[in-house]
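One-letter residues, chain by chain:
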Amino acid sequence: MLELIKTDSNNPDFITLIKQLDSYLKTTDGDDHEFYNQYNGLDTIKHVVLAYLDKTPVGCGAFKPFKENTVEIKRMFTSKTTRGQGVASNILQELESWAKQLDYKDSILETGIRQIEAIQFYKKCNYHITDNYGQYKGVKESICFKKAL
C-alpha cells in the first residue's frame, strides 16, 4: 500500500531520492545540467511529500512559494521500479492539496524539453504550457507549465 507523508527537505529519505534524481538528470540534461542544478537547492524547500511502498521510499515531490498566490513544484521523482504505478500522480495531488490548504491559487513548474515522460505526465495532470518564467525566460531547453489550484 502506498503511504504519503508530509515533511521538509531535511528528511534523509528525501535527500536520498534527490541524489537519485540528480544522477538521472545529469545523464538526460547533458551539458545543461549545471544550469538547471543551480536552481535546485534544498535550503528553500519547506514542503515535501514522500511516497513509501512497503516502508521503502519510492518517490518525492516538493513545492516552494514563487509569488504571493503561486507555488512552484520542484524535485518530482519516482524510482524506476515504481514508474507507471500512479506514485507521481499521488504525490502531485498531495502537493496541490497542501498548497491549496495554505491558500495558494496557482501552481507552476519547469521541466526540460528532453524530459518527454515528465511533459506527458504534467499534461495528463491538467497542467498547461505557459510562458517561461523567472530564470527560465529565454531558455529554449525549458518548458514551463501552470495550473489553477
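As a reminder, the structure under discussion sits directly above these lines.
Structural notes, computed from the coordinates. Every value quoted in this text rests on a predicted model; they were computed, and no experiment measured them.

Relative to the assigned elements, K147 resides in strand β7 (residues 142-148). At 3.2 Å, the side chain of K147 forms a polar contact with the side chain of E96. Leave out the neighbours within four places in its chain, and K147 touches E96, K105, D106, S107, C125, N126 and Y127.

Moving on to helix α3 (residues 87-101). The first and last C-alpha atoms of α3 sit 21 Å apart over 15 residues, in line with the 21 Å expected at 1.5 Å per residue. Taken together, the buried positions of α3 are V87, A88, S89, I91, L92, L95, E96, W98 and A99. Structurally, α3 contributes buried residues whose contacts are with β1 (2-7), β2 (47-53), β3 (56-67), β4 (70-78), α4 (116-124) and β7. Phi for D103, located one or two positions after α3, is positive at around 75°.

An order of β1-β2-β3-β4-β5-β7-β6 is seen for the seven strands of this open sheet, with the pairing classed as mixed. Only two strands of the sheet have a single partner each, and these edge strands are β1 and β6 (128-130). Taken pair by pair, the neighbouring strands of this sheet meet at an average axis angle of 30°, ignoring direction. The sheet contact formed by β2 and β3 spans seven bridges and is antiparallel. The residue of β3 that forms the bridge with H47 is F63.

Moving on, we come to the packing of aromatic side chains. For the structure shown, the criterion picks out seven aromatic pairs. Here F63 and Y104 contribute two aromatic rings whose centre-to-centre distance is 6.3 Å and whose plane-to-plane angle is 70°, an arrangement assigned as edge-to-face. On the criterion of sequence distance, the pair formed by F63 in strand β3 and Y104 in the loop between α3 and β5 (106-112) is long-range, its members being 41 residues apart. Each member of the pair, F63 as well as Y104, carries the same accessibility label: buried. Geometrically, the ring pair formed by Y122 and F145 is tilted, given 6.0 Å between the ring centres and 45° between the ring planes. Separated by 23 residues along the polypeptide, Y122 in helix α4 and F145 in strand β7 bring together distant segments of the chain. With respect to burial, Y122 and F145 carry one shared label: buried.

Conventions used here
Residues numbered from 1 in each chain as written. Predicted model: local features only at pLDDT ≥ 70, side-chain atom pairs only at ≥ 80, totals over all residues. Heavy atoms only, no water. Helix = DSSP H or I, 4+ residues; strand = E, 2+ residues; numbered from the N terminus. Polar contact = N/O pair within 3.5 Å; in protein donor to acceptor, adjacent residues only side chain to side chain. Contact = heavy atoms within 4.5 Å. Expected span 1.5 Å × (residues − 1). Buried < 20%, exposed > 50% of the residue type's maximum accessible area, 1.4 Å probe, protein only. Pairing = 2+ DSSP bridges. Axes fitted to C-alpha atoms, helices over the stretch in contact; angles between N-to-C directions. Phe/Tyr/Trp six-rings, centres within 6.5 Å; stacked < 30°, edge-to-face > 60°.

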